[in-house]
Structure formats: structure tokens, C-alpha cells
Amino acid sequence: MSLPQTSRFDFLARRLDELADAGLLRRPLEVTSPQGPRLGVRDADGRRLELVNFCSNNYLNLAADPRVTAAAAKAIERWGFGSGASRLISGTTSLHRQAEAALAEFLGTDDAILLSTGYMTNLAAVTGLAGAGDTVILDKLCHASLIDAARQSGARVRVYPHGDVDRLDALLAKATGRCVVLTDSLFSMDGDFAPLAAIVALKDRRRFTLIVDEAHAVGVFGPTGRGVGELLGVADAIDVTVGTCSKALGGAGGFVAGDRVLIDALRNTARPFIYSTAPPAAAAAAVVAALKIVRGEPQRRMRLVELAASLRERLADAGWDIRPSESHIIPIAWGEADRAVAAQRLLIAQGLLAVAIRPPTVPRGASRLRVSLMCDHSADDLAALAEALEAAREQLG
Ligand SMILES: *Cc1c(COP(=O)(O)O)cnc(C)c1O
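Residues numbered from 1 in each chain as written. Predicted model: local features only at pLDDT ≥ 70, side-chain atom pairs only at ≥ 80, totals over all residues. Heavy atoms only, no water.

Caption draft 1: Geometry of the pairing of strand S10 (residues 254-258). Within S10, 5 of the 5 residues are buried, which leaves the element mostly enclosed by the surrounding structure. Burial along S10 is two-sided: the residues Gly-254, Val-256 and Gly-258 and Phe-255 and Ala-257 are all buried. Here 5 bridges tie strand S4 (residues 111-115) to S10, and the two strands are oriented antiparallel to one another. Counterpart to Ala-112 in the pairing with S10 is Ala-257. Both strand S9 (residues 240-244) and S10 contribute to a ladder of 4 bridges, which runs antiparallel. From the neighbouring strand, Val-242 faces S10, where its bridge partner is Val-256. (Buried < 20%, exposed > 50% of the residue type's maximum accessible area, 1.4 Å probe, protein only. Helix = DSSP H or I, 4+ residues; strand = E, 2+ residues; numbered from the N terminus. Pairing = 2+ DSSP bridges.)

Caption draft 2: How the structure looks around the site of the ligand. The full set close to the ligand counts 13 residues, and Gly-118, Asp-213, His-216, Thr-244 and Lys-247 are the nearest of them. His-216 places a side-chain nitrogen or oxygen 2.6 Å from an oxygen atom of the ligand. The fraction of the free accessible surface of the ligand (380 Å²) that becomes covered by protein chains is 85%. Here the shell around the ligand takes 3 residues from helix H5 (residues 118-129), the largest share from any one element. (Near = heavy atom within 4 Å. Polar contact = N/O pair within 3.5 Å; in protein donor to acceptor, adjacent residues only side chain to side chain. Areas by Shrake-Rupley, 256 points an atom, 1.4 Å probe, with all protein chains shown as cover.)

Caption draft 3: Expanded view of the sheet that holds strand S2 (residues 38-42). Spatial strand order, S1-S2-S3-S12: 4 strands in an open sheet with mixed pairing. On the outer flanks of this sheet lie strand S1 (30-31) and strand S12 (352-353), each paired with one strand and no other. Where strand S3 (residues 48-53) meets S12, 2 bridges bridge the pair, whose relative direction is parallel. Bridge pairing links Asn-53 to Leu-353 in S12.

Caption draft 4: Broad picture of the side chain of Glu-214. Considering the arrangement of structural elements, one finds Glu-214 in the loop between strand S8 (209-213) and helix H9 (228-231). Although Glu-214 is buried, it forms no salt bridge, and the closest oppositely charged side chain is Arg-226 at an N-O distance of 9.6 Å. Apart from the residues lying within four places of it in its own chain, the contact partners of Glu-214 are Ser-185, Arg-226, Gly-227, Val-228, Gly-229, Thr-241 and Val-242. (Lys, Arg positive; Asp, Glu negative; His and termini not counted. Salt bridge = Lys/Arg side-chain N within 4 Å of Asp/Glu carboxyl O. Contact = heavy atoms within 4.5 Å.)

Caption draft 5: Local environment of helix H6 (residues 144-153). Along H6, the residues that are buried comprise Ser-145, Leu-146, Ala-149, Ala-150 and Ser-153. Viewed along the axis of H6, the buried residues span an arc of 135°, placing them on a single side of the element. Of the residues in H6, the exposed ones pointing more than 90 degrees away from the buried face are Arg-151 and Gln-152. As for H6, its buried residues are in contact with H5, strand S5 (135-139), strand S6 (156-160), strand S7 (179-184) and S8. Where H6 ends, the next residue or the one after it, Gly-154, has phi of about 85°, a positive value. (Arc of directions from axis to C-beta.)

Caption draft 6: Spatial organisation of the nonpolar core. Of all hydrophobic cores here, the largest spans 86 residues; its most connected members are Phe-54, Ile-332, Trp-334, Leu-347, Val-371, Leu-373 and Leu-389. Broken down by element, this core gets its largest block of residues, 11 residues, from helix H12 (residues 281-296). The residues touching Phe-54, leaving out its near neighbours within four places in the chain, are Leu-352, Leu-353, Ala-354, Arg-370, Val-371, Ser-372, Leu-373, His-377, Asp-381, Leu-382 and Leu-385. Core analysis: the next-biggest nonpolar cluster, separate from the first, contains 27 residues, Ala-149, Val-180, Leu-182 and Ala-270 among them. (Core = buried A, V, L, I, M, F, W, Y, C linked by side-chain atoms within 4.5 Å.)

Caption draft 7: Looking closely at the pairing of strand S11 (residues 329-335). Most of S11 is tucked away: 5 of the 7 residues are buried. Strand direction decides the pairing type here: S11 and strand S14 (residues 367-372), joined by 6 bridges, are antiparallel. For Ile-329, the partnering residue across the bridge sits in S14 and is Ser-372.

Caption draft 8: Region of interest: the packing of H12 against helix H13 (residues 298-317). At a minimum axis separation of 5 Å, H12 and H13 run at an interaxial angle of 70°. The pairing of H12 with H13 is recorded here as roughly perpendicular in orientation. Facing Ile-293, Val-294, Arg-295 and Gly-296 of H12, the residues of H13 in contact are Pro-298, Gln-299, Arg-300 and Arg-301. By residue class, the composition of the contact of H12 with H13 is 3 nonpolar, 2 polar and 3 charged. (Axes fitted to C-alpha atoms, helices over the stretch in contact; angles between N-to-C directions. Parallel < 35°, antiparallel > 145°, perpendicular 65-115°, else oblique. Nonpolar A, V, L, I, M, F, W, Y, C, P; charged D, E, K, R; others polar.)

Caption draft 9: A look at the state of the cysteines. A complete count under the given rule lists 0 disulfides for this structure. No disulfide involves Cys-179; its sulfur sits 14 Å from the nearest other cysteine sulfur, which is in Cys-142. Assessed through its relative accessible area of 7%, Cys-179 is described here as buried. Cys-55 provides the cysteine sulfur closest to Cys-375, a residue in no disulfide bond, and the two sulfurs are 16 Å apart. (Disulfide = S-S within 2.5 Å.)

Caption draft 10: Region of interest: the packing of helix H14 (residues 337-349) against helix H15 (residues 379-396). Look at H14 against H15: their axes get within 9 Å of each other, and the N-to-C directions meet at 130°. One element, H14, and the other, H15, form an angle in the oblique class. The handedness of the crossing between H14 and H15 is right-handed. Along its contact with H14, which presents Arg-339, Ala-342, Ala-343, Leu-346 and Leu-347, the element H15 presents Leu-385, Ala-388, Leu-389, Ala-392, Gln-395 and Leu-396. Of the residues that constitute the contact of H14 with H15, the class distribution is 9 nonpolar, 1 polar and 1 charged. (Left-handed = near helix turned anticlockwise from the far one by under 90°.)

Caption draft 11: Layout of H12. For H12, spanning 16 residues, the distance from its first C-alpha to its last is 23 Å, which sits close to the expected 22 Å at 1.5 Å a residue. Most of H12 is tucked away, with 12 of its 16 residues classed as buried. Of all the positions in H12, only Ala-281, Ala-282, Ala-283, Ala-284, Ala-285, Ala-286, Val-287, Ala-289, Ala-290, Leu-291, Ile-293 and Val-294 are classed as buried. For H12, the elements touching its buried residues are helix H2 (66-79), helix H4 (94-107), S4 and H13. (Expected span 1.5 Å × (residues − 1).)

Below, the structure is given as C-alpha cells:
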């Protein structure tokens with residue numbers, strides 16, 4: 001006799017029902033235009049809308065910049081699209097080497113290694129530096145890719161409360177094996193900086209390797225756009241910089257930048273590098289083109305920093321809780337998930353797209369509308385956002 005016929009994924013269907021009941025079921029928004037300060041989207045009823053885009057990581061508006069797309073298109077014509085093999089077999093083109101050299105030069109390091117995504121990059125960097133018997137210590141609010149990398153390394157994993165350097169110091173005092181400390185430089189949910197100067201100062205007393213993830217900061221902060229390490233004057237004390245080409249640089253891929261021996265070791269041992277097909281040469285070409293723009297047009301990052309300061313001031317003056325934001329990532333607290341979602345809907349009705357961030361990405365009761373700015377937003381865009389938030393607050397109480 002056969003068993004009763006049930007769906008083989010009942011347990012998943014139940015999980016989806018639970019998410020739906022909690023108002024946490026998510027579906028990707030369908031985008032119908034290139035990335036930019038205005039974004040075409042198709043709503044749930046199939047209507048096309050054009051919204052002011054306050055929810056992209058395309059901070060310098062390079063994702064559809066004609067110079068970046070022309071470089072990528074030219075590379076596709078010259079090299080084709082697919083890269084055909086992993087980097088160590090036959091997937092490394094001259095363009096991949098050029099992109100790595102350009103990243104190293106931009107970041108002022110000996111060398112850099114390019115991977116297909118920032119997520120894979122963090123796996124490569126952390127597993128390359130820590131293993132069984134070692135200790136990885138990370139900030140509670142580190143990006144998921146750093147958490148996953150720490151777990152995958154096989155090292156003992158310790159977590160310190162967000163930004164709490166005294167607790168980090170205490171964990172370092174008790175750590176065994178080689179010690180690796182991980183932190184984002186700019187935290188992606190609250191928009192605040194890591195206390196990098198204080199972390200670096202611990203090096204006077206403790207031995208550890210410091211990996212800083214500059215994903216949201218490369219191209220944006222510091223006199224030459226290297227990131228928060230440069231802004232705070234501690235770049236030289238950071239042992240390993242990781243970052244992504246997919247945010248301010250407007251492309252795709254991630255990188256580790258650092259000493260020659262580290263990068264050589266990663267090329268020889270990092271599984272996400274060895275066991276994955278090389279990124280398309282076009283992605284490497286786009287990185288080279290984007291870095292040239294970042295170098296040549298500092299006004300982009302200056303304008304972004306100015307816009308962000310003016311919006312933060314305006315929102316704080318209007319009584320909004322914008323958490324500890326000190327950047328172009330500005331969370332606006334709405335409390336429960338349903339309120340944040342309602343606020344998102346009211347904003348969309350005003351032609352503005354800022355996405356509600358809810359559990360599990362943030363803790364219960366800490367849902368927010370997360371606004372991120374681009375250098376090409378206008379003063380009118382920011383004014384419209386402030387007014388729409390005010391109207392939503394009146395309506396939702
Ligand atoms: C986005 C992000 C990543 C992942 O980069 P991708 O290129 O999108 O895979 C890694 N770390 C941090 C802090 C990020 O914000």
C-alpha cells in the first residue's frame with residue numbers, strides 16, 4: 001500500500017503561510033527601467049509607475065552611466081559574455097587583471113582579487129584567514145555575508161554588542177588561536193560608522209587581523225573615496241579591506257585588497273574563487289570604468305555627503321527617529337512591521353519608493369523605512385520625501 005499522497009513540500013507551504021500571517025511574505029518588486037534616481041516599476045495590479053528611487057545602493061548613479069555601460073558593451077563585443085571557466089583554469093582575461101590592478105591602485109594596496117559577488121568575497125577573505133582552532137570576533141550588526149563566512153570558517157565565533165569596543169577588547173583577551181576581527185565600516189541598516197579608530201587602537205595591546213567590509217562606503221567616503229578607513233585616517237591600520245563593486249561602483253563583483261602575500265594566498269586557496277566560474281570580462285571592464293569616474297569626479301561623492309547631511313538634519317528637526325545614521329543610509333523608525341508597510345504604501349502613492357525593512361532583517365518592533373540617497377537626487381526629491389513622511393505620520397498616527 002502506498003503512503004497517502006501529500007505534497008512533498010508541505011513543510012515549506014506551512015512556513016510560507018506563517019510568514020504571510022505575520023505580514024512578512026516578500027515578493028520582489030518588478031523593475032521596468034534602468035537603475036537611476038527615477039525607477040520604473042510594475043505594481044501588484046500590473047500598472048507601470050515611475051517612482052523616485054530611495055532604495056538603491058547605486059549611490060553614485062553609475063549603474064547605468066553611459067561610460068560604464070559602454071565599457072561593458074565593448075568588452076562583450078571583444079570577449080563575449082560568458083567567461084567559460086573558473087579563474088585558475090582559463091577564465092582570467094586581461095580585463096580581470098586590469099580590474100584587480102585598478103582596485104589595488106584605488107585602495108592603495110599591493111594587490112587585489114576580484115570575485116563574482118561581495119558575498120563570495122567575504123567567504124573567501126574570512127575562510128582564508130581563520131580556521132579550526134582560531135577565533136573570529138564580529139560586531140552584532142555585521143552583514144549576513146560576514147556572519148556566514150565566520151561560521152563557515154570553522155573557527156570559534158564570538159560576537160560583541162554593536163560598536164562596543166570594550167567588549168571586543170574583553171573577547172580578544174580571552175581568544176585562542178589566531179584572532180580575526182570583522183566589522184562593516186558603514187552599517188547597512190542603521191547607516192552608522194564602526195568605531196574604527198578605537199578598534200585599531202586595540203592593536204597596541206592585542207594581536208589580531210582586522211578585516212573591514214567597506215561595501216557601502218567605497219567610492220563615497222574619504223578624500224579619494226577609499227571608504228570610512230580613509231575618512232577616519234586609519235586605512236593603514238586595516239589589515240584587509242573587502243568591498244563590493246555592486247554598490248557605489250554601479251557594477252557587479254566583490255574584491256579583497258591587501259598585502260601581496262594575502263592576495264596570492266587567496267588566489268591559491270579561496271574556494272569561492274577557485275570553484276566558481278570567473279565573472280564576465282564585461283563586469284571587470286565596468287569596474288575599471290567606474291573607478292576612473294570615481295577618481296575624476298569627486299563632486300559626486302561630495303554632493304552625496306551633502307545631500308545626506310541636509311536630509312538627516314531636516315528629518316531630525318521634524319522629530320523623526322533616524323537612529324544613529326551619519327551617512328546616506330537613513331533609517332526612519334516606524335515600530336511594528338505593519339506600520340512601516342503602511343507608510344511605504346502611502347509614500348508610493350506620492351511617487352516615492354522607500355522600502356520597509358522588517359523582521360527578520362531587523363528585530364521585532366524596530367521596523368523602519370530605509371532611505372538611501374544617490375548623488376543625483378534633487379533638493380526637490382528630498383523635500384517631497386520629507387513632506388510625504390509628514391503626511392503619512394498624520395494619517396497613521
Ligand atoms: C551588499 C553587501 C555585501 C555583498 O555584496 P554583493 O556584491 O551584493 O554580494 C557584503 N557586505 C556588505 C556589508 C554589504 O552591504
